[in-house]
Every structure is written in C-alpha cells, then in structure tokens.
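# Structural overview for review
Each chain, written out:
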Amino acid sequence: KAGVTQTPRYLIKTRGQQVTLSCSPISGHRSVSWYQQTPGQGLQFLFEYFSETQRNKGNFPGRFSGRQFSNSRSEMNVSTLELGDSALYLCASSLVGGRGSEKLFFGSGTQLSVL
Amino acid sequence: AQSVTQLGSHVSVSEGALVLLRCNYSSSVPPYLFWYVQYPNQGLQLLLKYTTGATLVKGINGFEAEFKKSETSFHLTKPSAHMSDAAEYFCAVSDNAGNMLTFGGGTRLMVKP
C-alpha cells in the first residue's frame, strides 16, 4: 500500500509569490491534516480536512488555506509569501479522524524556501 | 489549551545503554498521548500511543512509555539503545476533537558507539 505522497519535495519561491502544495493520502483514508515544521516554532497544526470540509484550523493567518477534493487528495496554498514561511510542510492522513486517538501517517514533506 | 514539554533538546547515550526521553503535558481533558520519531529527511512515524486502559504502552522497535496522570508525564524508554535509534523524537497530545496534535519541541537522540 502506497504511503502519503507529497509533491513537490522541494520548492524555492520569492517573497510575495504564492505557492500550492499537494498531498495524496493513503488509499481509503478520508482525513488529511497539515503541519508546519520550523526550527524555531517546531511542529504546528495548520488545518484538517475531512470529506472536503475543513474540520479544524490552527492559529495561522488567512494567507494559509487549503482544500480537499472528492478523492481525498488535498492541497494547501500560501499567498503573499514571507521569509518566515520557510518551513517543512507535512501532510498526514488517517482513516476518519475526528476522534483524536487515530494514528496519523505522515508524508516526507515539502521543504519550502522563501528568498 | 494543551501543551507539551520535552526536557532536553539533545540526549546522548552509548550503544546498549538505557534510553529515557522525558515528556510532560498539560491538558484540560483526559488526553491522548503519542510519541513520534522522525529520521532525517523523512516524515514522522508513530512509535506508540496511549488512549485509555493500561498505562504502560509498548510500541515499535522496543520502545515503551508509561502514562502517569499524577505526574502529567509520558516518558519514553528503551532498555538498550541501538545506533539505528538516532533520530528526533516528538511527544504529542490531542483531545477527542480531531487530529489536531500539539507537539513538544522534540528531543534529538544521539547514540555513541
């Protein structure tokens, strides 16, 4: 069974641009979550999607958005990039989520560098 | 609000020695507790989790953790370290509202030959 796939693996953007990251969950998984990992702030929750609906949202500005498609694939978008957005963005999937106790399966992440 | 504190951002042990990684949490509701491991250039992999029931939880690769409610702790241990255990370890807590994990700052484990 294929794992969680994130594309692209690396991205370099400049300030002010926008970026879209993609995540394909494990087959059959309907919940997709996104996390930002930085050396300074550590791992922080961005948002969770289930059945094409955002179920939870972390404390990030509105420049960060996401969506989920009917096949459970998810994308996240960051507009008007800032230097501080440089981070490893991790996607995680689980069967249904919503219970807090489910095991999350993480992808290898997309490393975003903002110059 | 939930929070997780991992004591020691770096821990170094000799191969064959006991591994002890400390985690304390705060939560206003009965927590679900997790330990994840991250190898270089990879995502996170679940080692073990506590939801309810037995407070001593066994995970993969010989790791185990004990939930101590009175101490609000969930320390991770392994009796004998192996070189392949060198990685970064994250303790996390969630409630029953979804997959919103709150992570600790991480502990980088180094294993000396």
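Now for a look at the structure at hand.

Cut-offs applied
- Residues numbered from 1 in each chain as written.
- Chains lettered and ligands numbered in written order.
- Predicted model: local features only at pLDDT ≥ 70, side-chain atom pairs only at ≥ 80, totals over all residues.
- Heavy atoms only, no water.
- Pairing = 2+ DSSP bridges.
- Helix = DSSP H or I, 4+ residues; strand = E, 2+ residues; numbered from the N terminus.
- Axes fitted to C-alpha atoms, helices over the stretch in contact; angles between N-to-C directions.
- Contact = heavy atoms within 4.5 Å.
- Buried area = accessible area lost by both parts, 1.4 Å probe.
- Salt bridge = Lys/Arg side-chain N within 4 Å of Asp/Glu carboxyl O.
- Polar contact = N/O pair within 3.5 Å; in protein donor to acceptor, adjacent residues only side chain to side chain.
- Disulfide = S-S within 2.5 Å.
- Buried < 20%, exposed > 50% of the residue type's maximum accessible area, 1.4 Å probe, protein only.

This next bit is on the sheet that holds strand 1 (residues 5-7) of chain A. Residue and element names in this part refer to chain A. Taken in spatial order, the four strands of this open sheet run 1-3-8-7, and their pairing is antiparallel. Two strands close off the open sheet at either side, each with one partner strand: strand 1 and strand 7 (64-68). This sheet shows a mean twist of 20° between the axes of neighbouring strands, independent of strand direction.

Time to look at the interface of chain A and chain B. The partner chain B presents 21 residues to the 23 residues of chain A that form the contact. At the boundary of chain A with chain B, total buried surface from both sides reaches about 1,700 Å², with 54% on carbon and sulfur atoms. For the interface between chain A and chain B, the tally reads zero salt bridges. Viewed at the interface, chain B and chain A are joined by four residue pairs in polar contact (both at pLDDT 80 or more). Mapped by element, the contributors of at least two residues to the side of chain A that touches chain B are strand 4 (31-38), strand 5 (42-50) and strand 9 (87-94) of chain A.

Time to look at the state of the cysteines. If you walk through the whole model with that rule in mind, you get two disulfides over all chains. Here A:Cys23 is linked by a disulfide to A:Cys91, with a sulfur-sulfur distance of 1.8 Å. Taking the sign of the S-S torsion, about -60° here, the bridge from A:Cys23 to A:Cys91 comes out left-handed. In this pair, A:Cys23 is assigned in strand 3 (residues 19-24) and A:Cys91 in strand 9, connecting sequence segments 68 residues apart. Across this residue pair, the class does not change: A:Cys23 and A:Cys91 are buried. Disulfide pairing is shown between B:Cys23 and B:Cys91; the S-S distance is 1.9 Å. With the S-S bond torsion at -60°, the cross-link from B:Cys23 to B:Cys91 turns out left-handed. With B:Cys23 in the loop between strand 3 (19-21) and strand 4 (24-26) and B:Cys91 in strand 10 (residues 87-94), this residue pair connects regions lying 68 residues apart in the sequence.

None of the figures reported here should be taken as evidence of function without further support.
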